[in-house]
Amino acid sequence: MEYKIALIPGDGIGPEIVREARKVLDAVCAKFGHTFSYSEVLLGGASIDVHGIPLTEDAVDTAKGSDAVLMGSIGGDAKTSPWYQLEPDKRPEAGLLAIRKALNLFANLRPAYLYQELKEACPLKEEIIGEGFDMIIVRELTGGLYFGERKTTEENGIKTAVDTLSYNENEIRRIAVKAFDIAMKRRKKVTSVDKANVLDSSRLWRSIVEEVAEDYPEVTLEHMLVDNCAMQLVHDPAQFDVILTENMFGDILSDEASMVTGSIGMLSSASLNDTKFGLYEPSHGSAPDIAGQNKANPIATILSAAMMLRYSLDLDKEADAVEEAVQKVLADGWRTGDIMSEGCMLTGTEQMGDLIAAAV
Ligand code: NAD
């Protein structure tokens, strides 16, 4: 099959890690007989340097005209980079928010998977880690408290601030459908997280999620209150497969879940719209402190590419091959500096990409 991929190298370590992910995708093409045609898109500081703005309409059109977008990371050192002398809406991060909005990316996916080989990086006790864990957080990204009306007023010298948490049933339904679709590709369990003992928006959330669940008889649905979920993530993380939740709860829980895996250079993510289209990127930033030194761990970006194969291109076998290749290279003892431990072999960005591509 032929697919069009938009590549956003971005800034800092972005170009280095995207290059390695592309190498791995080329290995997938060679093995499975696909053709990927790539278009490079400028975003963030890289776009400011060429066009004076962090995102152009042409860039959005190229992204929209592709089957999926794979991104490195954007941004520079806020203290030293001239990009941060610009008005806030002209800085690198403004380009990222703008492209997410332009592409209508309402579903954010963040897997938290503990590699047995990296168990030492996990801050949890051995008896809690057990056989490891493998979950994915599906977070609503464009509604709820962060997008509701807000105001601060003052009466009789007393200031009052109000933020509004609102969801309509369509917003809930479309993110719930994403979570159930994803569960069908995994262990077929959805934990919907809310605060239905207090919030009206959560009670509506619960009832719509139950409606959607009726279309997925193979998937087990459970509801969990957000405070309990925060505890369960560090008490028994292996119980989770897909966690479905609204924007703010997802913001907090996805950081908690990723921390228990212990290594930022390993964490992939995806943001999807209501078609198969998505933007895939590592969870980390552009790490300007190690840019251009062949030190960056490319695995988060390579695993993001695997998510792209699975969720936007429906190439599950190919995604498995990439994930297994990462596992094999780790099992063979290869490590970049950020995940290095005693007895392992230190390698650079480029060599890590070569090893994973070869293992595919
Ligand atoms: P960061 O994630 O870039 O770096 C934090 C620390 O982790 C640094 O020490 C860095 O060297 C290390 N690190 C990160 N990724 C690594 C990798 N793949 N391999 C090895 N080490 C890695 O966060 P920061 O320093 O707070 O931000 C730097 C820039 O990135 C800022 O401009 C910020 O705005 C931007 N940023 C961009 C995104 C994005 O593009 N989505 C996300 C977060 C931050």
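Please read all numbers here as calculations on a predicted model, not as lab measurements. (Residues numbered from 1 in each chain as written. Predicted model: local features only at pLDDT ≥ 70, side-chain atom pairs only at ≥ 80, totals over all residues. Heavy atoms only, no water.)

Enquirer: How would you explain the layout of surface pockets if you had to name every residue and give the values?
Expert: Taken as a whole, the largest pocket holds about 790 Å³ of empty space. What lines the largest pocket is a set of 33 residues, among which R100, N108, R139, L141 and E281 lie closest to the centre. At the level of secondary structure, the elements contributing two or more residues to the lining of the largest pocket comprise β3 (68-73), α4 (92-102), β4 (107-113), α9 (247-259), β11 (268-272) and β12 (278-282). Tallying contributions element by element places α4 first for the lining of the largest pocket, with five residues. (1 Å grid on protein atoms, 1.4 Å probe; cavity = no way out; pocket = protein on both sides within 12 Å on 5 of 7 lines; lining within 4 Å. Points joined across faces, edges and corners; volume = space filled by probe spheres on them. Helix = DSSP H or I, 4+ residues; strand = E, 2+ residues; numbered from the N terminus.)

Enquirer: Residues and numbers for the pattern of salt bridges, please.
Expert: Opposite charge on two side chains lets them pair, provided their charged atoms get close. The final tally for this structure, using the stated rule, is 24 salt bridges. D251 is the salt-bridge partner of R139, the closest N and O atoms lying 3.9 Å from each other. Pair noted here: R139 is in strand β5 (residues 134-140) and D251 is in helix α9, with a separation of 112 residues, a long-range link. Classification of D251 as partly exposed rests on a relative accessible area of 27%. (Salt bridge = Lys/Arg side-chain N within 4 Å of Asp/Glu carboxyl O. Buried < 20%, exposed > 50% of the residue type's maximum accessible area, 1.4 Å probe, protein only.)

Enquirer: So what about empty space enclosed by the protein? Which residues, and what values?
Expert: One pass over the full model with this rule turns up one cavity of 30 Å³ or more. Volume-wise, the largest cavity comes out at about 60 Å³. Lining the largest cavity are L165, Y167, V193, D194, L199, S201, S202, W205, E246 and F249. Sort the elements by how many residues they give to the lining of the largest cavity and helix α7 (residues 200-213) lands first, with three residues. Looking at the lining of the largest cavity, its residues break down into six nonpolar, two polar and two charged. (Nonpolar A, V, L, I, M, F, W, Y, C, P; charged D, E, K, R; others polar.)

Enquirer: Please provide a residue-by-residue account of the nonpolar core, values included.
Expert: In this structure, F36 and L109 are the most contacted members of the largest nonpolar core, which totals 65 residues. Element by element, the count of residues in this core is highest for helix α10 (residues 299-311), at nine residues. Formed jointly, this core draws a minimum of three residues from each of two domains, domain 1 (1-115 + 263-360) and domain 2 (123-260). Setting aside residues up to four positions removed in sequence, L109 forms contacts with I136, I137, V138, I182, S268, S269, A270, L272, M307 and Y311. (Core = buried A, V, L, I, M, F, W, Y, C linked by side-chain atoms within 4.5 Å. Domains from an automatic or database assignment. Contact = heavy atoms within 4.5 Å.)

Enquirer: How would you sum up the pairing of β3? Please name residues and give values.
Expert: In terms of burial, β3 is a largely internal element, six of the six residues being buried. Bridge count for strand β1 (residues 2-10) against β3 is five bridges, and the pairing is parallel. Along β3, the bridge assignment pairs L7 with L70. Inspection of the sheet shows β3 paired to β12 by two bridges, in the parallel sense. Paired with L70 across the bridge in β12 is Y280. (Pairing = 2+ DSSP bridges.)

Enquirer: I'd like to hear about the environment of P92, residue by residue, with values.
Expert: Position of P92 among the secondary structure elements: in helix α4. Taking the C-alpha atoms as reference points, P92 and E222, 130 residues apart in sequence, are found 40 Å from one another. When neighbours within four sequence positions are excluded, P92 is seen to be in contact with D11, G44, G45, I48, P54, I74, G75, W83 and Y84.

Enquirer: Before we move on, can you summarise the domain arrangement of the protein with the specific residues and values?
Expert: As far as domains go, the protein holds domain 1 (1-115 + 263-360) and domain 2 (123-260). Computed from C-alpha coordinates alone, the two centres of domain 1 and domain 2 are separated by 25 Å. With both sides pooled, the region where domain 1 packs onto domain 2 buries about 1900 Å², and carbon together with sulfur makes up 58% of that total. On the surface where domain 1 and domain 2 come into contact, there are three salt bridges. At the junction of domain 1 with domain 2, the criterion picks out 13 residue pairs in polar contact (both at pLDDT 80 or more). Elements represented by at least two residues in the side of domain 1 that touches domain 2 include exactly β4, β11 and α10. The dominant element in the side of domain 1 that touches domain 2, judged by the number of residues it contributes, is β4, at seven residues. A class-by-class count of the residues in the side of domain 1 that touches domain 2 yields twelve nonpolar, five polar and five charged. (Buried area = accessible area lost by both parts, 1.4 Å probe. Polar contact = N/O pair within 3.5 Å; in protein donor to acceptor, adjacent residues only side chain to side chain.)

Enquirer: Give me the lowdown on the site of the ligand, citing residues and values where you can.
Expert: Around the ligand, 21 residues are found, and the nearest of them are G76, E93, G285, A287 and N297. At 3.0 Å, a backbone N or O of I74 approaches an oxygen atom of the ligand. In the model, an oxygen atom of the ligand is placed 2.6 Å from a nitrogen or oxygen of the E93 side chain. Here the ligand has 810 Å² of accessible area as a free molecule, and 67% of this is covered by the chains. Residue assignment for the shell around the ligand shows that the elements contributing at least two residues are β3 and α4. When the residues that make up the shell around the ligand are grouped by side-chain class, the tally is ten nonpolar, seven polar and four charged. (Near = heavy atom within 4 Å. Areas by Shrake-Rupley, 256 points an atom, 1.4 Å probe, with all protein chains shown as cover.)

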